[in-house]
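One letter stands for each residue in the lines below.
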Amino acid sequence: MNPLPITVEERRSRLALLEAAMEAQGIAACVIDATSSLRYFTGLSWHPSERLTGAVVRPGKPLAYVTPRFELDKVGSIVGVPGEILTWEEHESPFKLVADLVGPTGRVAVDAQARVFIWLGLAEALGADRLIGADPLIVPLRARKSEAEIALMTRAKALTLEAHRRAHESLRAGVRASEVVSFIDQQHRALGADGGNTFCIVSFGTDTSLPHGGEGDPQLHDGDVVLIDTGCALDGYNADITRTYVFGEPTDEVRRIWDLEHEAQARAFKAAQLGAPCEAVDAAARGFLASQGLGPDYQLPGLPHRTGHGIGLDIHEAPNLVRGDMTALDVGMCFSNEPMIVVPGRFGIRLEDHFHMTADGPRWFTSPQSSLDDPFAGVEPLRA
């Protein structure tokens with residue numbers, strides 16, 4: 001059974017924290033575009049287009065939405081947190097509407113994920129010198145997940161792990177990557193996710209050496225390394241899990257690299273301690289791989305990308321487990337752990353699971369793959 005969705009009361013508490021942070025920093029307004037932050041704070045999930053639909057948050061003042069006049073009825077029917085809805089006609093400027101609402105003075109924080117035309121329109125209407133990025137306000141709030149958010153992601157990841165397990169059981173010689181993608185989509189839907197796959201990468205053979213897969217639609221052959229990276233969502237909260245194994249008998253080299261990947265993932269998890277900087281987790285994985293003759297740094301054979309990323313309403317969100325990210329690990333933060341090893345032109349091994357920080361340290365959402373030969377050993381079948 002899926003957890004309950006995020007409540008209006010929780011969204012109101014998020015807005016209160018945002019307003020408090022704005023007051024502390026002397027910011028008059030925060031403009032949120034049709035991004036995941038709009039859903040996070042207000043419950044309004046809106047597909048972005050060339051027309052501005054968003055929200056304006058002002059400390060101590062009513063929440064305001066801005067949308068085209070012809071979208072009024074629709075927006076009014078799906079907002080989560082009630083607020084004033086201001087509209088503009090097709091020949092009018094939504095940015096002037098925002099400027100009139102905000103007033104002639106005070107700094108205005110703008111959603112860092114907002115499209116460029118939003119920034120440019122606000123700069124023209126308000127003055128570019130008044131605009132600042134809203135990440136320092138928004139990221140610290142979104143990075144620390146509540147119990148309700150953790151519950152949704154826990155379930156979403158369980159659904160994706162089950163879709164992985166079923167895909168592994170279904171593999172047969174000659175199947176195409178696109179057929180496996182479709183199969184996993186069907187399983188996500190059957191298990192009760194929000195729609196099917198949020199994304200799905202299925203790679204066979206040498207395509208596994210490309211972190212995001214190849215461009216073709218290869219068939220599966222005996223002895224191929226298989227890398228599947230996929231996810232689903234519940235109430236917008238994401239899963240993202242990768243499993244790597246062999247269809248047939250692994251070579252000694254594949255087995256060696258798989259074992260190193262498994263150990264690198266374990267060392268990254270162990271390094272994720274409260275108060276440690278995010279970059280320490282990346283350093284632990286990368287340092288171990290270098291000690292085994294891989295890399296160093298981003299050199300190949302080795303680890304070509306960061307060890308992990310934050311996750312929540314976005315599959316990739318700040319902070320990240322990467323060199324230079326000095327964010328201190330704190331309770332409620334959620335990350336992928338995926339120190340992939342690439343052997344160029346031959347194969348790649350990525351084991352990706354996610355963990356969240358608790359008062360007692362890191363805790364896995366899903367147990368890591370324990371075996372190359374039996375990739376779902378110990379995983380109990382899950383029913384919808």
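Source: prediction; values computed, not measured. Along each chain, the written sequence defines residue order, and numbers are assigned to residues from 1. Thresholds applied to this predicted model are a pLDDT of at least 70 for local features of residues and 80 or more for the giving and counting of side-chain atom pairs; totals over whole chains, interfaces and linings are not thresholded and use all residues. As a convention, hydrogens and water are excluded, and side-chain values are obtained from all of the structure's heavy atoms.

1. Description of the overall build of the protein
Working step 1: In terms of regular secondary structure, the protein is built from 10 helices and 18 strands.
Working step 2: For the radius of gyration, the atom set is restricted to C-alpha positions; the globular benchmark scales as 2.2 Å times the number of residues to the power 0.38. Here the C-alpha radius of gyration of the protein, 23 Å, is about what a compact globule of 384 residues would show, namely 21 Å.
Working step 3: Viewed in the frame of its principal axes, the protein has a C-alpha envelope of about 70 × 40 × 35 Å.
Working step 4: Only protein chains enter the accessibility calculation, which uses a 1.4 Å probe; a residue whose area is less than 20% of its type maximum is buried, one above 50% is exposed, and one in between is partly exposed. Looking at the protein as a whole, 52% of its 384 residues qualify as buried. Under the scheme used here, helices are H or I runs from DSSP no shorter than 4 residues and strands are E runs no shorter than 2 residues, and both carry numbers assigned from the N terminus.

2. Digging into the sheet that holds strand β4 (residues 84-88)
Working step 1: Here a strand pair is declared whenever DSSP counts at least two bridges between the two strands. Strand order in the open sheet made by the six strands is β4-β3-β2-β1-β5-β6, with mixed pairing throughout. Looking along the sheet, the strands with just one partner apiece sit at the ends: β4 and β6 (131-133). Strand-to-strand twist in this sheet, taken as the mean axis angle between neighbours without regard to direction, amounts to 25°.
Working step 2: As paired elements, strand β3 (residues 64-68) and β4 share five bridges and run parallel to each other. Its bridge partner lying in β4, Val 66 is registered against Leu 86.
Working step 3: Whether two residues touch is decided by their heavy atoms; if any such pair falls within 4.5 Å, the residues are in contact. Only the stretch in contact is used when a helix axis is fitted, and all axes are lines through C-alpha atoms; the angle between N-to-C directions ranges over 0 to 180 degrees. Sheet strands touched by helix α5 (residues 116-126): β1 (27-32), β5 (107-110) and β6. Its angle to β6, the strand with the most contacts, is close to 150°.

3. Some words on the sheet that holds strand β7 (residues 199-204)
Working step 1: Taken in spatial order, the three strands make up an open sheet running β7-β8-β11, and their pairing is antiparallel. Of all strands in the sheet, those bounded by a partner on one side alone are β7 and β11 (241-247). Ignoring which end each strand starts from, the neighbouring axes of this sheet average 10° apart.
Working step 2: Bridge analysis of strand β8 (residues 224-231) against β11 gives seven bridges, and the strand direction is antiparallel.

4. Considerations on the packing of aromatic side chains
Working step 1: Only the six-membered ring of Trp is used, alongside the rings of Phe and Tyr, when aromatic pairs are assigned; centres must lie within 6.5 Å, and planes under 30 degrees apart are stacked while those over 60 apart are edge-to-face, with the rest tilted. Counting across every chain of the model gives six aromatic pairs.
Working step 2: Both rings, one in Tyr 245 and one in Phe 376, keep their centres 6.3 Å apart while their planes meet at 70°; by these two values the pair is edge-to-face. With Tyr 245 in strand β11 and Phe 376 in the segment after β18 (361-364), the pair connects residues that are 131 residues apart, well separated along the chain. With respect to class, Tyr 245 is no different from Phe 376; both count as buried.
Working step 3: An angle of 85° between the planes, with centres 5.8 Å apart, marks the rings of Phe 269 and Phe 355 as edge-to-face. In this pair, Phe 269 is assigned in helix α9 (residues 252-271) and Phe 355 in strand β17 (residues 353-358), connecting sequence segments 86 residues apart. Across the pair, Phe 355 and Phe 269 agree in class, each one buried.
Working step 4: Joined through ring pairs, the aromatic side chains of Phe 269, Phe 335, Phe 355 and Trp 364 make up one cluster.
Working step 5: Counted as over-ring charges are cases with an Arg CZ or a Lys NZ within 6 Å of the ring centre that also lie within 35 degrees of the ring normal. The residue whose ring lies beneath Lys 157 is Phe 365, and the NZ or CZ to ring-centre distance is 5.0 Å.

5. Regarding helix α1 (residues 8-24)
Working step 1: Working rule for helices: expected span equals 1.5 Å times residues minus one. End to end, α1 covers 24 Å across 17 residues, agreeing with the expected 24 Å (1.5 Å per residue, within 8%).
Working step 2: Residues of α1 that are buried: Glu 10, Arg 11, Arg 14, Leu 15, Leu 18 and Met 22. The arc that holds every buried residue of α1, seen down its axis, measures 145°, which confines them to one face. Summarising the geometry of α1, the exposed residues directed more than 90 degrees from the buried face are Glu 9, Leu 17, Glu 23 and Ala 24.
Working step 3: The positive-phi residue at the C-terminal boundary of α1 is Gly 26, with phi of around 65°. What the arc covers is the set of directions going from the helix axis to the C-beta atoms.

6. Re unusual backbone geometry
Working step 1: In this chain, Gly 295 is followed by Pro 296 through a cis amide linkage whose omega measures 0°.
Working step 2: With an omega dihedral of -5°, the bond running from Ala 318 to Pro 319 counts as a cis peptide bond.
Working step 3: Tracing the backbone shows Pro 319 in strand β13 (residues 317-321).
Working step 4: The backbone of Asp 235 shows a phi angle near 50°, a positive value even though the residue is not glycine.
Working step 5: Among the structural elements, Asp 235 can be located in the loop between β9 (233-234) and β10 (237-238).

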